[in-house]
Amino acid sequence: MGGPPEGTNASGIVLAGGRSHRLGRDKALETIGGQPLVRRVIDRISQATDDVAVVVAEMAQARALPLENRHRVVVDLYPGAGPLGGIFSGLSAADHHWAVAVACDMPFLNLALVRRMLALREGADAVVPMLRGYPEPTHAVYSKACLPFMEEVLSAGDRKIILFYDKVKVVYLPEEEIAALDPDFLSFFNVNTAEDLEKALTLAAQGR
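Residues numbered from 1 in each chain as written. Predicted model: local features only at pLDDT ≥ 70, side-chain atom pairs only at ≥ 80, totals over all residues. Heavy atoms only, no water.

### A short note on the overall build of the protein chain
Operational definition: The secondary structure listing takes helices from DSSP runs of H or I that are at least 4 residues long and strands from runs of E that are at least 2 residues long, numbered from the N terminus. C-alpha atoms define the radius of gyration, and 2.2 Å times the number of residues to the power 0.38 defines the globule rule. Exposure is judged per residue with a 1.4 Å probe applied to protein chains only, and the accessible area is read against the type maximum: over 50% gives exposed, under 20% gives buried, and values in between give partly exposed. Residue contacts are counted whenever heavy atoms from the two residues lie within 4.5 Å of one another. Computed with the Shrake-Rupley method and a 1.4 Å probe, the accessible areas treat only the protein chains shown as cover for residues. Charge counting follows a simple rule: Lys and Arg are positive, Asp and Glu are negative, and His as well as the terminal groups are ignored. The atoms used to mark charge sites are NZ of Lys, CZ of Arg, CG of Asp and CD of Glu.
A count of helices and strands for the protein chain gives seven helices and 10 strands. Relative to a compact globule of 208 residues, whose C-alpha radius of gyration would be 17 Å, the protein chain shows 16 Å and is just as compact. Within the span of the protein chain, comprising 208 residues, buried residues form 52% of the whole. Residue pairs at least 24 apart in sequence account for 71% of intrachain contacts in the protein chain once pairs closer than 6 positions are excluded. Summed over all atoms, the accessible surface of the protein chain reaches about 9,400 Å², with 50% contributed by carbon and sulfur. Where the 21 positive side-chain charges of the protein chain centre and where its 26 negative ones centre are 2 Å apart.

Structural data, given as structure tokens:
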């Protein structure tokens, strides 16, 4: 797949540093829709961003992933700090001021939804979807203005992403708007368990 039809002035961050404890093997390598899951996510987010960084816990982990030379690998600056550490590391290395952060286990990313989030950047520091009354911080758009506040949380030993939200200007995308673009909310479907994997395989076979 090619890149975006025109420049978006945004980078992509794919969080691939997790250990897949619940599945018992590296979910990033599971084949869904004829592609390793991580490549499916990279290829999809590449259609809405200008460049993509894949964040891993260590370089050995990256060597096991089916990446190409054009895929930039970023090693987590805060190992063991969860998705917040990964977002911070990817955003620090991003080419652009803005980046779309997604987890590597989200096989059904919706490009219309991603582009809607990017369209809401003006006057904001972050754009975060709301689902069932809660933010979805690993499917969100962040600017480099968030970096010092992310680092404050990380330096304090905390891992919860939303702890810095009250320090920056966050635009929340309401559930009704998400539903208009992604009625089944499949953008937020994660592959964590064997049951999730079976569901993902079924949905992919249906062309989702």
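### Some words on the nonpolar core
One recurring pattern in soluble globular proteins: nonpolar side chains tend to sit buried together. As a reminder of what qualifies: We define a nonpolar core as any set of buried Ala, Val, Leu, Ile, Met, Phe, Trp, Tyr and Cys residues linked to one another through side-chain atoms lying within 4.5 Å.
If you look at the biggest cluster of nonpolar residues, it comprises 44 residues, and the most contacted ones within it are Val14, Ile45 and Val102. Where this core is concerned, the elements lending two or more residues are β1 (10-15), α1 (37-46), β4 (51-56), β6 (98-103), α4 (111-119), β7 (126-131) and α7 (194-205). If near-sequence neighbours (up to four positions away) are discounted, Val102 is found in contact with Ile13, Val14, Leu15, Val41, Ile45, Leu109, Thr138 and His139. Among the nonpolar cores identified, the runner-up in size contains 27 residues, and Val74, Ile87, Leu147 and Tyr165 belong to it.

### Quick notes on the confidence of the model for the protein chain
Here is the rule we go by: What pLDDT expresses is the predictor's confidence in each residue, scored from 0 to 100.
In this model, the protein chain carries an average pLDDT of 91, and 93% of its residues clear a pLDDT of 70 or more. Confidence drops under a pLDDT of 50 for residues 1-5, and excluding neighbours within four residues, the segment shows 13 contacts in the predicted structure.

### Observations concerning the packing of helix α3 (residues 82-93) against helix α5 (residues 147-155)
We count it as follows: Axes here refer to lines fitted to C-alpha atoms; in helices the fit is confined to the stretch in contact. Angles between the N-to-C directions go from 0 to 180 degrees. For any pair of crossing helices, the crossing counts as left-handed if the nearer helix is rotated counterclockwise from the farther one by less than a right angle, and right-handed if it is rotated clockwise. Under the convention adopted here, Pro, Cys and the residues Ala, Val, Leu, Ile, Met, Phe, Trp and Tyr are nonpolar, Asp, Glu, Lys and Arg are charged, and Gly plus all remaining residues are polar.
With their axes 10 Å apart at the nearest point, α3 and α5 run at an angle of 145 degrees to one another. The chirality of how α3 crosses α5 is left-handed. Contacts between α3 and α5 involve Leu84, Gly85, Ile87, Phe88, Leu91 and Ser92 on the former and, on the latter, Leu147, Met150, Glu151, Val153 and Leu154. Its residues placed into classes, the contact of α3 with α5 shows eight nonpolar, two polar and one charged.

### Section: the packing of aromatic side chains
The condition that has to hold: Here a Phe, Tyr or Trp ring, Trp counted by its six-membered ring, pairs with any other such ring whose centre lies within 6.5 Å, and the pair is stacked when the planes are under 30 degrees apart, edge-to-face when over 60, and tilted otherwise.
Applying the stated rule across the entire model yields six aromatic pairs. For the ring pair Tyr142 and Phe164, a centre distance of 6.1 Å and an interplane angle of 50 degrees mean the geometry is tilted. Note that Tyr142 is positioned in strand β9 (residues 139-143) and Phe164 in the loop between α5 and β10 (170-173), a separation of 22 residues in sequence. The exposure class assigned to Tyr142 is buried, which follows from its relative accessible area of 1%. Counting every residue linked through ring pairs, the aromatic cluster contains Tyr142, Phe164, Tyr165 and Tyr172.

### Here's the deal with the pattern of salt bridges
Going by this rule: For this document, the term salt bridge refers to a Lys or Arg side-chain nitrogen within 4 Å of an Asp or Glu carboxyl oxygen.
Taken as a whole and assessed by the stated rule, the structure comprises eight salt bridges. Notably, a salt bridge pairs Asp95 with Arg72, separated by 3.3 Å at the nearest N-O pair. Pair noted here: Asp95 is in the loop between α3 and β6 and Arg72 is in strand β5 (residues 72-75), with a separation of 23 residues, a long-range link. Arg208 is the partner of Asp184 in a salt bridge, and the nearest nitrogen-oxygen pair spans 2.7 Å. Linking Asp184 in the loop between α6 (175-181) and α7 with Arg208 in the segment after α7, this pair joins segments that are 24 residues apart in sequence. Among the charged side chains, a network of salt bridges with common partners joins Arg39, Asp43, Glu68 and Arg70.

### Things to note about unusual backbone geometry
Here Arg132, not a glycine, exhibits a phi torsion of approximately 55 degrees, which is positive. Secondary-structure assignment places Arg132 in the loop between β7 and β8 (134-135). Of note, the phi angle at Phe185 is positive, near 55 degrees, even though the residue is not glycine. Within the fold, Phe185 resides in the loop between α6 and α7.

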